[in-house]
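Chain by chain, the residues run as shown.
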Amino acid sequence: MTAPVLSIQGLTKAYPGVVANSDVSFDVMEGEVHALLGENGAGKSTLVKMIYGLVKPDHGTMTFQGKPYAPAEPRAARAAGVAMVFQHFSLFDALNVAENVALGMEKPPRLADLAGRIREVSETYGLPLDPFRIVGDLSAGERQRVEIIRCLLQDPRLLIMDEPTSVLTPQEVDILFQTLRKLTAEGVAILYISHKLEEIRALCDTATILRLGKKVATCTPADTTARQLAEMMVGTVLHTPERSGRALGDVALELTEMSVRSPSAFGCSLKRISFAVRKGEVLGLGGVAGNGQDELLGALSGELRSAPEMVRVHGNPVGALGPIERRGIGLLCAPEERLGHAAAPDMSLTENAMLTGSLREGLERRGFLDWGRAKGFAEAIIARFDVRTPGPGNAARSLSGGNLQKFVIGREVMQRPEVLVVNQPTWGVDASAAAAIRQALLDLAAGGTAVVVISQDLDELMEISDRFGALNEGRLSRIRPTSELNIEEIGLMMGGAHDMEVAHV
Amino acid sequence: MLKLERRPQPSKAWVWLAPVVAVIATMIAGGALFAMLGKDPLVAIRTIFWDPLFSEFAFFYRPQLLVKGAPLILIAIGLSLGFRAGIWNIGAEGQYIVGALTGAGVGLAFYPLEGWFVFPLMVMAGALGGWAWAMIPAVLKVKFGTNEILVSLMLVYVAEQLLASMSLGLMKNPEGFGFPGSRNLQQYPSAHNAELIAGSGMHWGVVAAMIAVIFAYIMLTRHILGFHIRLTGEAPRAARFAGVNPGRLVLICLGLAGALAGLAGMFEVSGPAGRVSIDFNVGYGFTAIIVAFLGRLHPLGIALAGLLMALTYIGGEIAQSRLGVPAAAIQMFQGMLLFFLLAVDVMTNYRLRLTRREVA
């Protein structure tokens, strides 16, 4: 930890109507893990894109290993020794690991040689990976390894990681951290973007905090509490969601041995899933992405059908009903993918309010639509959930991810559901908005709604759910009260090692 | 350096400006084309766009605008509903032919009986015929996942063979001295789709087109079905989440398009054309695709685009006879219109930015 690998001086980047970064300066030292913290829209991704050559700064300079550094494109950045692991993987499901790695290379060597190098790197850094496996069969954690190895093959001096742990189990996170420590011991610097404050406190040597495009602080995360970090990001005092004591009512939603085939070839079919949620209860369902979460949401929303008696709401079989009928009886859902699934990107917020609200909000009469009321409904969501947008006439895709998330969750919450199922309710949402969404879910439960939260954020599930279960390869673990669980046990449940057999006797 | 930059939301101004720019670009490029053919470009453009409306003989051409525009609008309205939902019916020409055959077939079956009910029955038969022809690709798509573009297109050629067979066989005029083609329905008052106001070009097909425009407008803006059609086109997954049944939507959209195309064929065969003949169809079903896109898949836009396209048909005929421009040049002219429109359309979602060349 001596010389700075990357030094940033006064970087500024403005887009029409918004300043993404304003006069940001900091140094990343050799062999350190440097956290970049900030809310959504704080300018983290713009900053990283400038370092990786995807975006050109308006002002300011960068120095990389003592030399002026102004990459015109990612290729130049890679040549200089900067590598990046993106949050969304760019891998082809149908190709194997080595072929995927070769695709990203300028001059790929023969596949056999490349496979040898992949093995070598994966063993050196404790990332076991078979170069000839088909990517479509890999777990999210393994896919991430492919991306990391792809970067390591370039021998980088600076590795940028964008939210790398959002798709990992706690055990996989440990493996990743060991790898990162091994890298830093060799002098590689790591720029680490994450929302998970505890993680940053455990891993990172230094943290730079951005708010509204400006650097607000640089600190040592180990000496700062998670709450202090969060408050620096948000700039205000945070509220922790409150759980009032709730009396549980009758069973509102019940699944009995539900099996549903996934419509996609690389999806995960659901296998004999059973659980019951009572009125006023929050059931948390964890699990690594791609273990049946999307399918479970689809099977509950009515996009995927099952035998009628496999899904019951208040005792009535609904498994064969479509989404509209299910909304009619009060079973509402909010899918994970905001753009294209929960909302139509090019349609206005008013139209998107109509998308699920037409029936329960009385926006439709005998098939004819009342756009005035739909606009009113959209405005009500915007006001109550603090959605930042010029108005309900704006297209859904013009909103930032976090704001759109508030809108699509708010849209369901405001329809007074009997049963609400949400998948990744706070994914990519900043700390204060996430707290608001969680509070809204808890308030609903307090009002007697049965809430099912599917999430990969374990802290979130521990915070709001009464009982916890994990999805693994389309099967559900035994469901246990959250208060009895620690993070170790949860990790084992997510990995499918614990109680799985018991659950299916 | 010019660079395309994605707009945060689609530009409302360009949605309406694009067709205008496309028409102007077509005039310029078309003018160049005519100049290369050795014609005075200004005269050619004036002959096509101005003379049918304002020349000395305009009284003769103006009714033609409605006669030619109505089937285009009727078909394009039906097509636009499917296109909005991402359902690509390319076979309106076939549905148009079959609608004409079933409509005319009912009329001919009643000949020479006079009765008020003959024409309404023909209307129903025409719509039903077009609907049934469109149901073939629709059902195949829903049941077996076939591609509706290929199936509907191939059925056009089947329909053309059917048309030839009918005009040479079953529907041939028994008093026609062996010439191919059916009896002339214009001479059978109960079945004649006559002008409602003499000399205006206004026949029942024009009325149907107007109703279709209004109906489609209300459906798309005010009705849940229209909302679901738009939603399916914009975000199919969100549409399923909202509760749209994609198979049902395919049946509805193709069915409506087929019925409207069938109606257009029926009004044409019982009115302006008068009889079933081998060369009865003149490509309205294909031109309507251009009309639908030129009109931004919007009912009112389609009404205007249909009239514009009718104008190029009429003007094209005048140019052929008066200036000796080949018929193919007119078709190219219409094709150019679609080409330019699709090119200019980029501006709806992107904007041009002048950027300084960056130093690498």
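Residues numbered from 1 in each chain as written. Chains lettered and ligands numbered in written order. Predicted model: local features only at pLDDT ≥ 70, side-chain atom pairs only at ≥ 80, totals over all residues. Heavy atoms only, no water.

For this particular structure, what's the right way to read the sheet that holds strand β4 (residues 59–64) of chain A?
Within a sheet, each strand pairs with its neighbour through backbone hydrogen bonds, oriented either parallel or antiparallel. Residue and element names in this part refer to chain A. Sheet architecture is open: four strands sit in the order β2-β1-β4-β5, paired in antiparallel fashion. Sheet topology places β2 (18–29) and β5 (67–69) at the edges, where each strand pairs with a single neighbour. Averaged over all pairs of adjacent strands, the angle between strand axes in this sheet comes to 25 degrees, irrespective of strand direction. As paired elements, β4 and β5 share three bridges and run antiparallel to each other. By the bridge assignment for β5, T63 is matched with P68. (Pairing = 2+ DSSP bridges. Helix = DSSP H or I, 4+ residues; strand = E, 2+ residues; numbered from the N terminus. Axes fitted to C-alpha atoms, helices over the stretch in contact; angles between N-to-C directions.)

Looking at this model, I keep getting lost on the domain arrangement of chain B. Mind explaining?
Interface size is commonly expressed as the accessible surface area that is lost when the partners come together. All names here are of chain B. Taken as a whole, chain B is organised into domain 1 (1–39 + 325–360) and domain 2 (70–324). With centres defined by C-alpha atoms, the gap from domain 1 to domain 2 works out at 29 Å. Taken together, the contact pairs 18 residues of domain 1 with 16 residues of domain 2. The contact between domain 1 and domain 2 buries some 1,400 Å² in all, and 72% of this surface belongs to carbon and sulfur atoms. Inspection of the domain 1/domain 2 interface yields one salt bridge. For D345, the salt bridge identified is with R296, shortest N-O distance 2.7 Å. (Domains from an automatic or database assignment. Contact = heavy atoms within 4.5 Å. Buried area = accessible area lost by both parts, 1.4 Å probe. Salt bridge = Lys/Arg side-chain N within 4 Å of Asp/Glu carboxyl O.)

It is not clear to me how empty space enclosed by the protein should be interpreted in this structure. Could you clarify?
Where empty space is left becomes clear once a probe the size of a water molecule has been rolled over the atoms. Residues and elements named next belong to chain A. By the definition in use, this model includes two cavities of 30 Å³ or more. Looking at the largest cavity, the residues that line it are L127, G141, Q144, R145, I148, L168, E172, I175 and L176. When residues of the lining of the largest cavity are traced back to their parent elements, those giving at least two are α5 (140–152) and α6 (170–185). Here the lining of the largest cavity takes four residues from α5, the largest share from any one element. Roughly 40 Å³ of volume is contained in the second largest cavity. (1 Å grid on protein atoms, 1.4 Å probe; cavity = no way out; pocket = protein on both sides within 12 Å on 5 of 7 lines; lining within 4 Å. Points joined across faces, edges and corners; volume = space filled by probe spheres on them.)

Quick question: what am I supposed to make of the pairing of strand β16 (residues 331–334) of chain A here?
Residues in a regular strand point their side chains to alternate faces of the sheet. Residue and element names in this part refer to chain A. The side-chain alternation of β16 yields two buried faces, one formed by L331 and C333 and the other by L332 and A334. In the sheet, β16 pairs with strand β19 (residues 419–423) via four bridges, with the strands oriented parallel. Opposite L332, over in β19, you have L420 as the bridge partner. (Buried < 20%, exposed > 50% of the residue type's maximum accessible area, 1.4 Å probe, protein only.)

What is the right way to read the interface of chain B and chain A from this model?
Contacts between the two partners involve 26 residues from chain B, matched on the other side by 36 residues from chain A. Summing both partners gives a buried area of about 2,500 Å² for chain B against chain A, and 59% of it is carried by carbon and sulfur. The largest per-residue losses of area from chain B upon contact with chain A belong to B:F227, B:R237 and B:F241, which jointly make up 29% of the total buried on that side. Scanning the region where chain B abuts chain A turns up one salt bridge. As a salt-bridge pair, B:R230 and A:E351 come within 2.6 Å of each other at their nearest N and O atoms. At the junction of chain B with chain A, the criterion picks out nine residue pairs in polar contact (both at pLDDT 80 or more). Among the elements of the structure, α8 (204–222), α9 (224–234) and α10 (236–242) of chain B are those that each provide at least two residues to the side of chain B that touches chain A. No other element matches α9(B), which puts six residues into the side of chain B that touches chain A. Here the residues of the side of chain B that touches chain A sort into 12 nonpolar, six polar and eight charged. (Polar contact = N/O pair within 3.5 Å; in protein donor to acceptor, adjacent residues only side chain to side chain. Nonpolar A, V, L, I, M, F, W, Y, C, P; charged D, E, K, R; others polar.)

Even after reading the chapter, I still don't get the pattern of salt bridges, so can you show me in this structure?
When their charged atoms lie close together, side chains carrying opposite charge are able to pair. Residue and element names in this part refer to chain A. Within this structure, the stated rule accounts for 22 salt bridges over all chains. Note that E73 and R75 form a salt bridge whose closest N and O atoms lie 3.3 Å from each other. Of the charged contacts, one joins E147 and R150 as a salt bridge, the two residues approaching to 3.5 Å between their closest N and O atoms. Here the residue E147 and the residue R150 both occupy positions in helix α5, the gap between them amounting to three residues, near one helical turn. E147 sits in the buried class, given a relative accessible area of 4%. Linked through salt bridges whose partners overlap, the residues forming this network are R438, E460 and E463.

I'm lost on helix α9 (residues 293–301) of chain A in this one. Help?
The periodicity of an α-helix, 3.6 residues per turn, causes residues three or four positions apart to be oriented the same way. Residues and elements named next belong to chain A. Counting buried positions over the nine residues of α9 gives eight, a clear majority of the element. Those residues of α9 that sit buried are Q293, E295, L296, L297, G298, A299, L300 and S301. Phi turns positive one or two residues past the end of α9, at G302, with a value near 105 degrees.

What is the right way to read the layout of surface pockets from this model?
By volume, the second largest pocket is sized at about 1,500 Å³. If you go around the second largest pocket, you meet 33 residues; those closest to its centre are A:D346, B:V15, B:R84, B:R230 and B:E234. Those elements that provide at least two residues to the lining of the second largest pocket are α11 (349–357) of chain A together with α1 (12–36), α4 (58–84), α8, α9 and α15 (346–349) of chain B. Across the lining of the second largest pocket, the residue classes tally to 13 nonpolar, 12 polar and eight charged.

Is there a simple way to explain the packing of aromatic side chains in this structure?
Here the distance between the centres and the angle between the planes together describe a pair of aromatic rings. Applying the stated criterion to the full structure yields 19 aromatic pairs over all chains. With centroids separated by 5.9 Å and ring planes inclined at 75 degrees, the aromatic side chains of A:Y52 and A:F86 adopt a geometry described as edge-to-face. Note that A:Y52 is positioned in the loop between α1 (44–51) and β4 and A:F86 in the loop between β6 (82–85) and α3 (97–103), a separation of 34 residues in sequence. Residue A:F86 is classed as partly exposed on the basis of its relative accessible area, which comes to 33%. Plain terms: the ring middles of A:F177 and A:Y192 are 6.5 Å apart, the flat faces sit at 75 degrees to each other, and that makes the pair edge-to-face. In this pair, A:F177 is assigned in helix α6 and A:Y192 in strand β8 (residues 189–193), connecting sequence segments 15 residues apart. For the residue pair A:F177 and A:Y192, the accessibility class agrees, reading buried in each case. Linked through ring pairs, B:Y96, B:F280, B:Y284 and B:Y313 together constitute an aromatic cluster. (Phe/Tyr/Trp six-rings, centres within 6.5 Å; stacked < 30°, edge-to-face > 60°.)

Would you take a moment to explain the domain arrangement of chain A for this structure?
All names here are of chain A. According to the domain assignment, chain A contains domain 1 (4–234) and domain 2 (251–503). Using C-alpha coordinates to define each centre, domain 1 is positioned 31 Å away from domain 2. Buried area between domain 1 and domain 2, both sides added, is near 1,400 Å², and the carbon and sulfur share of it is 61%. Run the count over domain 1 and domain 2 and you get zero salt bridges. For the pair domain 1 and domain 2, the interface holds zero residue pairs in polar contact (both at pLDDT 80 or more). Broken down by element, the residue count for the side of domain 1 that touches domain 2 peaks at three residues, all from α6. Class assignment for the residues of the side of domain 1 that touches domain 2 results in five nonpolar, eight polar and three charged.

Sorry if this is basic, but what is going on with the environment of B:G315 here?
Residue and element names in this part refer to chain B. Tracing the chain through its elements places G315 in helix α13 (residues 299–323). Taking the C-alpha atoms as reference points, G315 and I45, 270 residues apart in sequence, are found 8.7 Å from one another. In this view, G315 contacts T47, I48 and P52; residues no more than four positions away in its chain are not counted.

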